[in-house]
Amino acid sequence: MDKVTVFFFPDNLVAHVAPGTSLLRAASLAGVELKSTCGGDGTCGRCLVKVKDGRVRAESTGNISKKAKQAGLVLACKTLADGNIVVDIPRDSRLDQHQVLLDKKDILLEEEESLTAEYPLNPLCRKVKVSLPEPTLTENASDWTRLQVVLRNELNCQAIHISLPILRSLPETLRGKDWRVTVTVAELNGCADVVQVEAGHEESKFFGLAVDIGTTTIVVYLVDLDSGLSIGKKGTYNKQARFGDDVISRMIHASEKASGLDDLHKAVLETINQLIAELLSQYQVNSRDVQLAVVAGNTTMTHLFLRLNPKYLRLEPYIPLATAPPPIRAQELGLQINPSAYVVCLPSVASYVGGDIVAGTLVTKMAKAEEIVLFIDIGTNGEMVLGNQDWLVSSACSAGPAFEGGGITFGMRAMQGAIERVVIDRSSYDVTVSTVGGLKAVGICGSGLIDCLAQFREAGIIDRAGKMQTDIATPRMRQGDDSWEFVLVFSEATECGKDIVVTENDVKNLLRAKGAVYAGIRSMLKAVQLGEESIDKVLIAGGFGNYLNIRDAIIIGLLPDLPAEKYTFIGNSSVKGARLALLSQEAFHEAQELGKKITYLELSAGNDFMEEFMAALFLPHTDLTLFPSLGKQK
Ligand code: FES
C-alpha cells in the first residue's frame with residue numbers, strides 16, 4: 001500500500017500518509033495541532049488520541065498515564081498508522097486554536113507613547129514621486145540609469161539597488177504615464193533599495209509589518225507607514241510547537257532530523273502567513289501594498305525563520321550563525337507580502353539573547369536612562385538586561401516553559417478562560433479565581449500560577465520546599481495519579497469538565513522556573529558588583545496577559561524584594577520594539593547599535609549561577625535576608 005488514509009474526528013480532516021507515519025505527524029499534515037511538549041519523544045504524555053477504527057502499531061508505549069491507558073488513549077507520537085484509520089482527538093490534546101491574548105492597551109495609546117521627538121515618524125520605507133526626462137537620440141541613457149539619476153538627487157544616496165523582476169517591468173512602467181513614476185524605496189544600512197515602481201503620481205497607501213516571533217506565540221501588527229498608525233494586530237500559537245515546547249527541542253529537531261530545518265522553517269512561515277492573511281482580509285489591504293517587515297525574535301527563532309541551521313547555538317561555546325542577518329526580500333523567504341519587500345530581523349546579542357530583547361531594550365529606552373534599569377522578559381527563557389546609558393549587560397537562563405503553561409498539568413497561555421488570579425481563604429481553603437474574559441476556567445496561565453504558588457505558601461498548603469501539606473482539612477487536597485494535588489476549581493464550574501488541579505510536581509516545575517529567573521538576576525548583579533538595592537526600576541515583559549501580581553512574584557522569590565513602585569509590567573515589548581524600528585530610522589539604527597553595545601554574560605561559564613539556582617529552589621529563597629519585607633517565615 002502506497003499511502004494510508006488517516007481520518008481525524010471531530011474535525012473531519014484527512015491526511016494521506018505513508019504507512020508507518022506517526023499519528024502526531026499525520027495530524028499536523030491534516031492541519032490539527034496536538035500538544036507535544038516533548039516534540040514527539042514520547043515523554044510528555046500530552047499528545048493523547050483515541051484510535052476508533054483501523055490498524056495501528058505502537059512504536060513504544062512512551063510515558064502514558066494509567067488513567068489515559070484505561071480510557072483507551074494512546075500517544076499520537078508513538079503510534080504509527082499501518083492501514084486506513086479513524087482517530088478521535090480529545091479536546092485536551094489540542095493546541096488551542098483560540099487567538100492569543102494581546103496587550104489590552106489601546107493601539108493609539110501605543111503610538112503616542114513610542115513616536116516622540118526622539119523617534120519622529122520616519123519609516124524605513126517611503127514613497128517618492130519622480131518625473132524622468134524623456135530619452136532622445138542624443139540623450140540616450142538606459143531606463144535604469146535614468147531612474148537612478150533622479151533617485152540619487154531625491155534621496156541624497158548614491159547606492160541604489162533594484163531587483164531583477166522590477167527591472168524587467170521598468171520600461172513599460174516608466175512609459176505608462178509619461179515618465180512619471182512613484183517609487184517605493186527601503187532605506188537600510190546606507191543604501192536605497194527599490195521595492196516597487198508604479199506608473200503615475202496617484203496617492204496610494206503603503207503598509208509595514210511588525211512581527212514578534214516568540215517560541216510559543218507569534219504576534220503581527222499591520223502598520224500604516226503614511227500615518228504611523230497600527231491598523232490591526234493578531235497573534236496565535238507558533239506552529240513549531242508540534243516539534244517541542246522549548247528552543248532546545250526545536251534546535252535538536254532542526255539539526256538532527258533530515259527534514260528538521262525545513263519542518264521548523266515552514267511551520268513558522270505558515271504561522272506568520274496565516275496571521276498576515278487574516279489581517280489583510282480583515283482590513284482589506286492588498287498584499288502588494290505591504291512593503292516592509294521588521295521581525296524580532298529570540299536568536300533560535302530568527303535562525304529558524306531565515307532557515308539558518310541553529311546547530312551551533314546549542315553546542316558549547318554556543319555560537320550563532322549570524323547575529324545581524326542581512327535584509328532579505330520577502331519572495332526569497334516566502335513571506336506573502338509584496339515579493340520585493342524587505343524583511344529585516346533585529347540583531348541578536350548572542351545565542352540566548354536575541355532580537356526580541358534588543359527590541360525590548362529599545363522600547364524601554366533604558367540605553368538613554370541615567371538610572372539603573374533591570375529589564376526582564378519571562379518566557380521559556382528568562383532573558384534580562386541590566387544597565388543604563390553608560391553600560392548594558394545581558395544574560396539568559398533557561399526557565400523552562402512553566403510560566404507559559406508548559407509542563408504544568410492544567411497550564412495554558414494567557415487566553416480566554418485562563419485563570420489569571422487566585423485567592424485562597426486562609427482558614428477554609430476556599431478558592432476564588434478570575435479568568436481572562438470572565439469565562440469558565442479552562443486552565444491556568446503564568447500570572448495565575450504565580451498567584452497560586454504565593455497563595456499556597458501563604459495559606460500553608462505547601463512548605464518552603466514546595467511540599468504539599470497533606471494533613472490540611474479540605475477535600476481540595478487529595479492524592480492524584482502521580483503526586484498530591486490541590487483542586488483549584490471543581491469540574492462543575494470548569495469549561496473542560498474536569499477538576500482543575502495544581503499538583504506537587506507542578507509546584508516543583510514552577511520552583512525550578514522561578515529559581516532560574518531569580519538566580520539569573522542575582523548572577524548578573526554579582527557580575528557587575530551591584531546589589532538589588534542599586535536597581536532603580538524593573539521593567540517586566542512576558543506572556544502573562546494583562547495582569548501580573550508583583551507582590552506575589554516577590555513572595556515566591558521570582559523577583560527581587562523591591563518596593564512595588566519600582567516595578568512596571570510592560571507586556572509584549574518585542575513587537576512594540578519591532579514596530580518602533582519600522583516607523584523610525586533613528587530607532588532602527590539604535591537597535592543595530594544595541595545589538596553591538598549590549599555585553600553578554602554567559603551564565604554557564606562560572607559556578608555562580610548553579611549555586612544561586614540551588615539556593616533559589618525554596619520559597620522565597622534559602623536566604624531570607626534577601627526578602628526582608630516578607631518577615632520571618634516558617
Ligand atoms: Fe507525544 Fe510528547 S508524548 S509529543
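Here, every reference points to the structure presented above.
As the structure is a computational prediction, the values presented were derived from the model and not from experiment.

In this section: the overall build of the protein. The number of helices and strands found in the protein is 17 helices and 29 strands. Relative to the globule expectation of 26 Å for 634 residues, the C-alpha radius of gyration of the protein, 26 Å, shows essentially globular dimensions. Here the C-alpha coordinates of the protein stretch approximately 100 × 70 × 45 Å along the principal axes. Out of the 634 residues belonging to the protein, those deemed buried represent 58%. Taking as baseline every contact in the protein between residues at least 6 positions apart, the subset at least 24 positions apart corresponds to 68%. Of the roughly 25,500 Å² of accessible surface on the protein, 50% is carried by carbon and sulfur atoms. Once the 64 positive and 77 negative side-chain charges of the protein are each reduced to a mean point, those two points are 4 Å apart.

Here we come to unusual backbone geometry. The general pattern is negative phi for most residues beyond glycine and trans for most peptide bonds. Geometrically, the link from Phe9 to Pro10 is a cis peptide bond, its omega value of 10 degrees lying close to zero. With respect to the helices and strands, Pro10 occurs in the loop between strand E1 (4-9) and strand E2 (13-17). Geometrically, the link from Glu316 to Pro317 is a cis peptide bond, its omega value of 5 degrees lying close to zero. Tracing the chain through its elements places Pro317 in the loop between helix H9 (311-314) and strand E16 (328-329). One non-glycine residue, Tyr429, lies in the positive phi region at around 65 degrees. With respect to the element layout, Tyr429 can be found in the loop between strand E21 (418-424) and strand E22 (431-435).

Attention now goes to the packing of helix H11 (residues 355-364) against helix H15 (residues 573-583). The geometry of H11 relative to H15 is characterised by a closest axis approach of 7 Å and an angle of 75 degrees between their N-to-C directions. By the angle between their directions, the pair H11 and H15 is classed as roughly perpendicular. Along its contact with H11, which presents Asp356, Ala359, Gly360, Leu362 and Val363, the element H15 presents Ser573, Ser574, Lys576, Gly577, Ala578, Leu580 and Ala581. The class makeup of the residues in the contact of H11 with H15 is 6 nonpolar, 4 polar and 2 charged.

As a packed pair, helix H12 (residues 446-458) and helix H13 (residues 504-527) sit with axes 11 Å apart at the nearest point and diverge in direction by 110 degrees. In terms of axis orientation, H12 runs roughly perpendicular to H13. Side by side, H12 and H13 meet where Leu449, Leu453 and Phe456 of the first sit next to Val507, Leu510 and Leu511 of the second. Split into classes, the residues belonging to the contact of H12 with H13 amount to 6 nonpolar, no polar and no charged.

So, about the packing of aromatic side chains. As enumerated under the stated definition, the model contains 4 aromatic pairs in all. Relative to Phe486, the ring of Phe456 has its centre 5.2 Å away and its plane inclined at 70 degrees; by these criteria the two rings are edge-to-face. Of the two residues, Phe456 sits in helix H12 while Phe486 sits in strand E25 (residues 484-489), which places them 30 residues apart along the sequence. Relative accessible area serves as the criterion here: at 0%, Phe456 is assigned to the buried category. One Lys or Arg, Lys52, reaches over the ring of Phe9 and ends 4.6 Å from the middle of that ring.

To continue, consider the pattern of salt bridges. All told, the structure shown has 24 salt bridges when counted by the stated rule. One salt bridge connects Glu59 with Lys78, and the closest N-O pair in it is separated by 3.5 Å. Of the two residues, Glu59 sits in the loop between strand E4 (56-58) and helix H2 (66-70) while Lys78 sits in the loop between strand E5 (74-75) and strand E6 (79-81), which places them 19 residues apart along the sequence. A network of salt bridges, in which partner residues are shared, links Glu118, Lys365, Lys368 and Glu590.

Another point: the sheet that holds strand E29 (residues 599-600). In spatial order, the strands read E28-E27-E18-E19-E20-E29; together these 6 strands make up an open sheet with mixed pairing. With partners counted over all chains shown, the strands left at the sheet margins are strand E28 (567-571) and E29, one partner each. As paired elements, strand E19 (residues 382-387) and strand E20 (residues 392-397) share 6 bridges and run antiparallel to each other. Bridge pairing in E20 places Glu383 opposite Ala396. Seen against the sheet, H11 touches strand E18 (373-378), E19, E20, strand E27 (537-542) and E28 and runs at an angle of roughly 140 degrees to E18.

This brings us to H12. For H12, spanning 13 residues, the distance from its first C-alpha to its last is 18 Å, which sits close to the expected 18 Å at 1.5 Å a residue. Of all the 13 residues making up H12, 12 are buried; the element is thus mostly covered by neighbouring parts of the structure. Within the span of H12, buried status applies to Gly446, Ser447, Gly448, Leu449, Ile450, Asp451, Cys452, Leu453, Ala454, Gln455, Phe456 and Arg457. Looking at the buried positions of H12, the neighbouring elements they touch are E21, strand E23 (443-444), E25, strand E26 (500-503), H13 and helix H14 (550-555).

We now examine the sheet that holds strand E9 (residues 160-161). Strand pairing in a sheet relies on backbone hydrogen bonds. The paired strands run either parallel or antiparallel. Read from one edge to the other, the open sheet built from 4 strands follows the order E8-E10-E11-E9, with strand pairing classed as mixed. With one partner strand each, in any of the chains shown, strand E8 (125-131) and E9 form the two edges of the open sheet. Packed on one face of the sheet, helix H4 (residues 143-155) meets E8, E9, strand E10 (180-188) and strand E11 (191-199) and runs near 115 degrees to E8.

Note on strand geometry: in a regular strand, side chains alternate between the two faces of the sheet. Taking burial as the measure, the 7 residues of E21 include 5 buried ones, the bulk of the element. Sheet analysis places E21 next to E23, joined by 2 bridges and oriented parallel. When the bridges of E23 are listed, Ile419 appears paired with Ile444. In the sheet, E21 pairs with E22 via 5 bridges, with the strands oriented antiparallel. By the bridge assignment, Arg421 is partnered in E22 with Ser434.

Let us look at the pairing of E25. Burial within E25 is extensive, with 5 of its 6 residues counted as buried. Pairing geometry for strand E24 (residues 477-479) and E25, over 3 bridges, is antiparallel. Looking at E25, one finds that Arg478 is bridged to Glu485. Hairpin connection from E24 to E25: 4 residues lie between these consecutive antiparallel strands. Inspection of the sheet shows E25 paired to E26 by 4 bridges, in the antiparallel sense. Pairing of Val487 across the sheet is with Val501, part of E26.

The rules behind each value
- Residues numbered from 1 in each chain as written.
- Predicted model: local features only at pLDDT ≥ 70, side-chain atom pairs only at ≥ 80, totals over all residues.
- Heavy atoms only, no water.
- Helix = DSSP H or I, 4+ residues; strand = E, 2+ residues; numbered from the N terminus.
- Rg over C-alpha atoms; globule rule 2.2 N^0.38 Å.
- Buried < 20%, exposed > 50% of the residue type's maximum accessible area, 1.4 Å probe, protein only.
- Contact = heavy atoms within 4.5 Å.
- Areas by Shrake-Rupley, 256 points an atom, 1.4 Å probe, with all protein chains shown as cover.
- Lys, Arg positive; Asp, Glu negative; His and termini not counted.
- Charge placed at Lys NZ, Arg CZ, Asp CG, Glu CD.
- Axes fitted to C-alpha atoms, helices over the stretch in contact; angles between N-to-C directions.
- Parallel < 35°, antiparallel > 145°, perpendicular 65-115°, else oblique.
- Nonpolar A, V, L, I, M, F, W, Y, C, P; charged D, E, K, R; others polar.
- Phe/Tyr/Trp six-rings, centres within 6.5 Å; stacked < 30°, edge-to-face > 60°.
- Lys NZ or Arg CZ within 6 Å of the ring centre and 35° of its normal.
- Salt bridge = Lys/Arg side-chain N within 4 Å of Asp/Glu carboxyl O.
- Pairing = 2+ DSSP bridges.
- Expected span 1.5 Å × (residues − 1).

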